[in-house]
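Structure at a glance
Chain by chain, the residues run as shown.
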Amino acid sequence: MDKQSETKKIVTFDDTVLEKIAGKTASEVDGVLSLQGNLIDNLSDRLTAGDRPQSGVDIDLDDQQKTVAIELDAILEYGKRAEEILTKVTSKISSAVTTMTGYQVTEVKLQVKDMLTKDEWQQRQQSSSDKKKNSDMI
């Protein structure tokens, strides 16, 4: 008998890893302008570089069943259909999570926090960037 086949192999994933996979994947979907976290996430973004792909992502992980339910808080592009965006997000996240972890996504819930035009979004980003630069100078 091969000794290799007797070795039990177990891989588990921290919640933040699955949140990161979901966050990075969702932000690549056309129509998703940003994922928005709660107040603590937003404060943390201001104190750090602001590159937290898991911000605005909450998961319910079942390591035993290897399943995950995902909830996203997002700002979507004005004029785009939220249902179509959710369909694309669900497909891409399910594929990415399964490919990278072997876990199955059982649910994706999208909480739309705001809808902005691309111009409004860029103005907000510029304003945030300017505020960060000014606070860095202090």
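A brief structural summary. Computed from a predicted model, the values in this text were never measured in an experiment.

**A short note on the packing of aromatic side chains**
Within this structure, the stated rule accounts for one aromatic pair. Taken together, a centroid distance of 5.5 Å and an interplanar angle of 90° make the contact between phenylalanine 13 and tyrosine 103 edge-to-face. One end of the pair, phenylalanine 13, is in the loop between α1 (3-6) and α2 (15-27); the other, tyrosine 103, is in the loop between α4 (82-101) and β4 (104-116), with 90 residues separating them in the sequence. In terms of burial, phenylalanine 13 and tyrosine 103 fall into one category: buried.

**Things to note about the pattern of salt bridges**
The tally for this structure, following the rule as stated, stands at four salt bridges. One salt bridge connects aspartate 30 with lysine 80, and the closest N-O pair in it is separated by 2.7 Å. Of this pair, aspartate 30 sits in the loop between α2 and β1 (32-35) while lysine 80 sits in the loop between β3 (67-77) and α4; the two residues are 50 residues apart in sequence, bridging distant segments of the chain. Given the relative accessible area of 45%, aspartate 30 is considered partly exposed. Put simply, lysine 80 and glutamate 77 hold a salt bridge, and the shortest N to O gap is 3.8 Å. Taking the relative accessible area as the measure of exposure, lysine 80 reaches 30% and is therefore partly exposed. You can call glutamate 77 buried: its relative accessible area is 11%. A cluster of three or more residues bridged by salt bridges with shared partners is formed by Asp30, Glu77 and Lys80.

What counts and how
- Residues numbered from 1 in each chain as written.
- Predicted model: local features only at pLDDT ≥ 70, side-chain atom pairs only at ≥ 80, totals over all residues.
- Heavy atoms only, no water.
- Phe/Tyr/Trp six-rings, centres within 6.5 Å; stacked < 30°, edge-to-face > 60°.
- Helix = DSSP H or I, 4+ residues; strand = E, 2+ residues; numbered from the N terminus.
- Buried < 20%, exposed > 50% of the residue type's maximum accessible area, 1.4 Å probe, protein only.
- Salt bridge = Lys/Arg side-chain N within 4 Å of Asp/Glu carboxyl O.

Coordinates in, geometry out; function isn't part of it.
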